[in-house]
Structures are given as structure tokens and as C-alpha cells.
Amino acid sequence: MKKISLIILSAVLLSGCGSNKNSMNSKGWQKLFDGKTTTGWHSYGKTSAGTDWKVVDGVLYLDAKNRQPGQGGDLTTNDSFDNFHLRMEWKISKNGNSGIIFYVNEDLSKYKSSYNTGPEMQVLDNDGHADGKIHKHRAGDLYDLIASSSEPVNPVGQWNKVEIIANNGKLDFFMNGKNIVSTTMWDDDWKKMVAGSKFNTMPGFSIYKSGKIAIQDHGDEVWYRNIEIKKL
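Residues numbered from 1 in each chain as written. Predicted model: local features only at pLDDT ≥ 70, side-chain atom pairs only at ≥ 80, totals over all residues. Heavy atoms only, no water.

**Some words on the overall build of the protein chain**
Scanning the protein chain from N- to C-terminus turns up two helices and 13 strands. Out of the 232 residues in the protein chain, the part that is buried amounts to 46%. About 11900 Å² of surface is accessible on the protein chain, with carbon and sulfur atoms providing 52% of the total. (Helix = DSSP H or I, 4+ residues; strand = E, 2+ residues; numbered from the N terminus. Buried < 20%, exposed > 50% of the residue type's maximum accessible area, 1.4 Å probe, protein only. Areas by Shrake-Rupley, 256 points an atom, 1.4 Å probe, with all protein chains shown as cover.)

In C-alpha cells, the structure reads:
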């Protein structure tokens with residue numbers, strides 16, 4: 001009887017483990033930030049993350065007040081992604097500026113910065129930073145290309161939940177649950193839009209259909225957490 005009970009208990013435990021594993025796989029979310037280290041990331045153009053990027057209480061933080069020479073830079077994923085659903089939370093400092101850049105090609109012989117290739121979701125203190133006065137440069141905008149349809153951004157010092165969904169050219173931005181940008185990449189309209197932007201002198205901008213994700217070091221304090229991605 002004792003042997004039978006042990007067999008039944010083992011079967012239940014194995015079944016539970018299998019269910020959890022399948023549930024995890026079926027959801028498909030991968031943590032890009034483990035909440036403890038910068039593992040999986042590096043500063044753009046380097047092999048490791050600069051020490052200006054710190055991890056404090058499960059939050060990825062750019063310590064712009066205590067900078068060390070050469071220890072900043074845009075924090076960039078080691079992995080590349082094509083079709084994806086990216087989500088995270090950000091909090092900006094007063095007068096601060098940052099951004100979430102995607103489809104980044106890190107060919108340093110051609111591209112010195114992440115924004116030479118990757119489009120950006122703007123992260124900004126709209127009221128305090130000068131870019132807040134520029135159309136298509138405000139928080140949530142597809143930077144210099146499309147202004148967000150609404151501005152559900154929370155005040156400085158509060159967290160904002162954002163999502164970027166890029167799937168076979170269809171691009172959507174969400175902020176705090178609201179769809180604020182919706183467009184199609186790489187078609188004729190997209191090319192005309194890029195030609196009319198500040199990126200028209202950058203031949204590699206937004207041409208790649210797979211690339212890395214970068215969090216911008218714009219010289220200001222910024223915080224990120226719960227960074228996850230799902231491949232589509």
C-alpha cells in the first residue's frame with residue numbers, strides 16, 4: 001500500500017511539473033532582464049554592460065549622476081529578434097530622455113550608434129525635456145516618424161507599461177494598455193516617411209527585419225523593469 005501511494009504521489013508531482021513547463025512554453029515569454037544582473041546585455045559596440053547600468057531591487061537603472069568614463073552607452077541585447085512582442089515598464093527622471101530601440105544592427109564598421117539602424121519608442125519627461133515641445137518626439141512616439149494618437153503617459157517618477165509588437169511589418173505601440181501607434185514598416189509609405197525625417201541621411205535606418213533591442217543612454221537617469229519578449 002505504501003509503495004502504491006508513493007507511485008501515485010510521484011505521478012502527481014511529475015504531472016504537475018509537466019503542466020507548468022507546458023504552460024510556460026505555451027505562453028512563450030522570455031525574460032530579457034533577470035532582475036538581478038545584466039546577463040544577456042552589453043553596451044553597444046562592446047562585449048559587456050558598462051557599470052553605469054546598475055541593477056537595484058529588481059530594476060535596471062542608468063546611474064547618470066555617478067558616471068564613469070566609458071561605462072555607459074546604449075544597453076543592447078546579445079540576441080537578435082525578427083517578429084516579436086516586447087513588453088516592459090519604464091520610469092524617467094525629471095527632465096529626462098531615453099528610448100527603446102529595436103531592429104538594431106551592430107555592424108560597427110557601418111553604424112556607430114544604435115539609432116543609425118533601429119527605430120525608437122521615445123521615453124521622455126514631456127514637460128521637462130526640450131524634446132517634449134517637438135512634434136513626434138514625445139513619450140510613446142515612434143521617434144521623429146509618428147506621433148502617438150493619445151498620451152496616456154504617467155507623470156515623472158511613476159511607472160509606465162509599454163509594449164512593442166512587430167510582426168511581418170505590422171508595428172504597434174501600446175502604453176498603459178492603450179494602442180498609441182499603428183503602422184506598417186518597409187512599404188512605400190514607410191519609405192516616404194523615413195525620407196521626410198531626420199533619418200534620411202542614414203542609409204541603414206529601419207532596413208533590417210531582424211535585429212537587437214537597445215535601451216538608450218541619453219545621459220539621464222532612467223529605470224526599467226519586467227523586460228520580456230515573445231517571439232511571434
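Now that the structure is up, let's keep going.
**Side note on the nonpolar core**
Among the nonpolar cores identified, the biggest contains 46 residues, and L86, I100, Y224 and I227 are the most heavily contacted of them. With five residues, strand 6 (residues 84-92) is the single largest residue contributor to this core. Excluding residues within four positions of it along the chain, I227 makes contact with Q30, K31, L32, F33, W41, L60, L86, R87, M88 and I215. Grouped together as the second largest cluster of nonpolar side chains are five residues, Y44, I101, V104 and A214 included. (Core = buried A, V, L, I, M, F, W, Y, C linked by side-chain atoms within 4.5 Å. Contact = heavy atoms within 4.5 Å.)

**Re the sheet that holds strand 2 (residues 41-43)**
The strand order 2-5-12-7-8 describes an open sheet built from five strands, whose pairing is antiparallel. The sheet is open, and its two edges are formed by strand 2 and strand 8 (120-124), each paired on a single side. Mean inter-strand twist for the sheet, computed between neighbouring axes without regard to direction, equals 20 degrees. (Pairing = 2+ DSSP bridges. Axes fitted to C-alpha atoms, helices over the stretch in contact; angles between N-to-C directions.)

**Section: the packing of aromatic side chains**
Tallying each qualifying case throughout the model produces nine aromatic pairs. Taking the ring centre of W29 as reference, the NZ or CZ of R87 above it sits at 3.6 Å. Over the face of the ring belonging to W223 we find K91, whose NZ or CZ atom lies 5.2 Å from the ring centre. (Phe/Tyr/Trp six-rings, centres within 6.5 Å; stacked < 30°, edge-to-face > 60°. Lys NZ or Arg CZ within 6 Å of the ring centre and 35° of its normal.)

Function-wise, these values are silent; they only describe arrangement.
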